[in-house]
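Single-letter residue listing:
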Amino acid sequence: MLIGKKRILTLGAVALALASQAYPVMAQQKSVAVTAIVEHPALDAVRDGVLDALKQAGYEPGKNLKWQYQSAQGNTGTAAQIARKFVGERPDAIVAIATPSAQSVVAATKNVPVVFSAVTDPVAAQLVPSMEASGTNVTGVSDLLALDKQIELIKKIVPEAKRVGMVYNPGEANSVVVVKQLQELLPKSGMTLVEAAAPRTVDVGSAARSLIGKVDVIYTNTDNNVVSAYESLVKVGNDAKIPLIASDTDSVKRGAIAALGVNYRDLGVQTGKIVVRVLKGEKPGDIPTETSSKLQLYVNPGSAAKQGVTLPEALVKSAAEVIK
């Protein structure tokens with residue numbers, strides 16, 4: 001009997017030791033769920049940048065990190081479904097890319113940590129009460145741009161422009177904010193804003209065509225409908241000789257003349273670093289919302305020629321990237 005008891009005690013001690021060794025491994029396992037309203041180059045770059053930052057911090061998918069990603073394919077109803085699904089799974093953090101997805105996730109939970117990215121005005125979108133630490137379960141990174149610099153770029157490329165067209169989704173909070181600001185700022189530079197609504201991606205081309213003969217230049221912000229269908233906008237610009245100026249640098253590769261904007265891969269890395277802080281125990285509500293101050297100028301002389309303008313040589317020389 002004594003030998004049997006010793007054997008039982010020994011086996012128990014071994015089991016306890018194995019359990020204590022296994023526990024830290026389990027404790028290191030983290031879960032990050034990522035959602036975006038739609039897939040296009042800028043938002044995809046944010047997602048990839050987040051993953052880069054996690055890997056740099058030692059979080060590897062399939063090893064000590066459960067990583068999942070879902071796109072809402074431009075549908076806000078689908079975005080809400082994804083948000084509810086992710087919240088139900090209770091990951092260590094949900095990353096919501098672009099305003100509609102961020103709004104869906106924030107509406108679905110007050111407890112699961114949420115880190116948003118590529119949101120122009122998170123206060124207007126009612127994600128956080130201010131850009132300071134929110135005291136809630138939400139923080140993130142904004143891609144807010146100073147519109148005075150955007151207007152300066154328009155004047156450098158089309159000095160005689162008086163009417164600035166803008167195609168946008170009136171249902172996207174980011175774009176509504178930009179429209180209101182441009183309505184106030186453009187008259188100070190002797191220009192006016194001409195709006196064309198595109199509530200759906202398929203509306204972008206027809207909205208752009210409605211501006212023919214009414215505008216001297218078309219400016220596009222980071223509206224997700226517009227960016228998703230940018231080629232249809234480029235066709236109108238090329239056919240009607242209307243210069244296209246963007247705030248999304250990836251749009252220059254797709255046919256815009258120029259863009260002064262953030263590098264979305266870098267924005268994703270910046271977002272990912274916040275996610276790492278959350279995974280290590282910081283509360284999102286203690287982390288202020290961040291912005292990016294790293295603006296880059298991209299230019300496309302070939303598109304400029306197709307759209308009837310010549311880029312100033314000094315502007316081309318100052319560009320971070322010249323698309324050929």
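The rules behind these values
Residues numbered from 1 in each chain as written. Predicted model: local features only at pLDDT ≥ 70, side-chain atom pairs only at ≥ 80, totals over all residues. Heavy atoms only, no water. Helix = DSSP H or I, 4+ residues; strand = E, 2+ residues; numbered from the N terminus. Buried < 20%, exposed > 50% of the residue type's maximum accessible area, 1.4 Å probe, protein only. Pairing = 2+ DSSP bridges. Contact = heavy atoms within 4.5 Å. Axes fitted to C-alpha atoms, helices over the stretch in contact; angles between N-to-C directions. pLDDT = per-residue confidence, 0-100.

Undergrad: Tell me about unusual backbone geometry, and please be specific about residues and values.
TA: What you tend to see is this: most non-glycine residues have negative phi, and most peptide bonds are trans. Unusually for a residue other than glycine, Ala98 sits at a positive phi of about 85°. Summarising the element assignment, Ala98 is placed in the loop between strand S3 (93–97) and helix H4 (99–108). Relative accessible area serves as the criterion here: at 0%, Ala98 is assigned to the buried category. Of note in the backbone geometry, Gln126 takes a positive phi value of approximately 60° without being a glycine. Checked against the element boundaries, Gln126 lands in the loop between strand S4 (114–119) and strand S5 (138–142). A relative accessible area of 69% means that Gln126 is categorised as exposed.

Undergrad: Could you give me a rundown of the sheet that holds S4, with the residues and numbers involved?
TA: Pairing between the strands of a sheet comes from backbone hydrogen bonds, and it takes one of two forms, parallel or antiparallel. As summarised here, the arrangement of the six strands in space is S2-S1-S3-S4-S5-S11, forming an open sheet in which the pairing is parallel. What marks the edges here is a single partner per strand, and that holds for strand S2 (65–71) and strand S11 (290–291). Summarising the sheet, S4 and S5 pair through five bridges and their orientation is parallel. What sits directly across from Ser117, in S5, is Val141. Relative to the sheet, H4 contacts strand S1 (30–36), S3, S4 and S5, its axis offset from that of S4 by approximately 160°.

Undergrad: Pulling in residues and values, what's your account of the confidence of the model for the protein?
TA: Averaged over all residues, the pLDDT of the protein equals 91, while 91% of them reach at least 70. A low-confidence stretch, residues 5–27 stays under pLDDT 50, and its non-local contacts, those more than four residues away or across chains, total zero contacts.

Undergrad: Talk me through the environment of Ile287; I want residue IDs and the actual numbers.
TA: Its place among the elements puts Ile287 in the loop between helix H11 (264–279) and S11. Among the residues examined, Ile287 registers a relative accessible area of 1% and is labelled buried. Sequence-wise, Ile287 and Leu297 are ten residues apart; in three dimensions their C-alpha atoms are separated by 30 Å. Not counting chain neighbours up to four residues away, the residues in contact with Ile287 comprise Ala133, Thr139, Ile274, Arg277, Val278 and Glu282.

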